Structures are given as C-alpha cells and as structure tokens.
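# A look at the structure
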Amino acid sequence: MLTDVLTGWTAETLGGLSLLAGAAAWGWLRRRRNQAAPGAAPAITAGEVVRPVRIYTLLGARAADGQPVHLPSSRPAGIRVAWIGPAGRTEQFELSDAVLPDGTYAAERVSAYLEPGAL
C-alpha cells in the first residue's frame, strides 16, 4: 500500500514539474522571438520627437447627434486642422495646450465655412 502511494505521488509530481518546465520554456522562447523580430519597434532618428496622442474637443462644434466633437491627434499645439461638419461644410480649428475639465484638450475655431480648395 505504501508503495502505491509513493508511486502515485511521484508520477503526479513529475508530471506537474514537466508541465511547469514546458510552460517556462515556451514563455522564454516566445519572449526571445518577440525581442528579435525585425521591425517590432519603430526606428526613431536623432532629434525626432515622439508625441503622445491627445484627445481634442472642437469648441463650438457639434456632431449630428448634438454631442461635442472629439478629435484624436498627435500633432503639436498651434497646428490647424479642418473638420467637415454634419452639413458638409468645412471648419478650421487650431489645436491648443489648454486642458478642459473633462481632461481633453481644446481646439479653438479659427474660421467657419471655408470655401472649397481654401486649405
């Protein structure tokens, strides 16, 4: 009876250790393969600035459902962007560093209803 208990315990222990070793080897190989993959990270040249993506609220603009318009952008403050409203007319907004109470950044209206081809 003692022999049956020891034999069963040994088999379960060796099986569990084998699964643990296999999982560790698989994780190590996967991590090593991902690190060595060419093109995994974008190449950044000297002097290039990586900007985070900000969410801008277009001040004075409303979507077709009446909600404020949010625009994700990684462009710096001071850049002008064009937005086509629900009526099909183009409006121009300037991105700013001003943070609104909801945590988004403000994009101020520069001009409304631009002529086609004005940008």
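Residues numbered from 1 in each chain as written. Predicted model: local features only at pLDDT ≥ 70, side-chain atom pairs only at ≥ 80, totals over all residues. Heavy atoms only, no water.

## Describing the pattern of salt bridges
- With the rule as written, the count across this model stands at three salt bridges.
- Residue arginine 54 is joined to aspartate 97 by a salt bridge in which the shortest nitrogen-to-oxygen separation is 2.7 Å. Pair noted here: arginine 54 is in strand S1 (residues 54–62) and aspartate 97 is in strand S4 (residues 90–99), with a separation of 43 residues, a long-range link.
- Among the salt bridges present, the one from glutamate 91 reaches arginine 109, with a minimum N-O distance of 2.8 Å. Of this pair, glutamate 91 sits in strand S4 while arginine 109 sits in strand S5 (residues 105–112), placing them 18 residues apart in sequence. (Salt bridge = Lys/Arg side-chain N within 4 Å of Asp/Glu carboxyl O. Helix = DSSP H or I, 4+ residues; strand = E, 2+ residues; numbered from the N terminus.)

## Brief notes about a nonpolar patch on the surface
- A cluster of nonpolar side chains, namely Leu14, Leu17 and Leu20, defines an oily patch on the protein surface of about 320 Å² accessible area.
- Among the secondary structure elements, leucine 14 is positioned in helix H1 (residues 2–36).
- Residue classification places leucine 14 among the exposed residues on the basis of a relative accessible area of 52%. (Patch = residues over 30% accessible without salt bridge, like charges linked within 9 Å, V, L, I, M, F, W, Y side chains within 5 Å. Areas by Shrake-Rupley, 256 points an atom, 1.4 Å probe, with all protein chains shown as cover. Buried < 20%, exposed > 50% of the residue type's maximum accessible area, 1.4 Å probe, protein only.)

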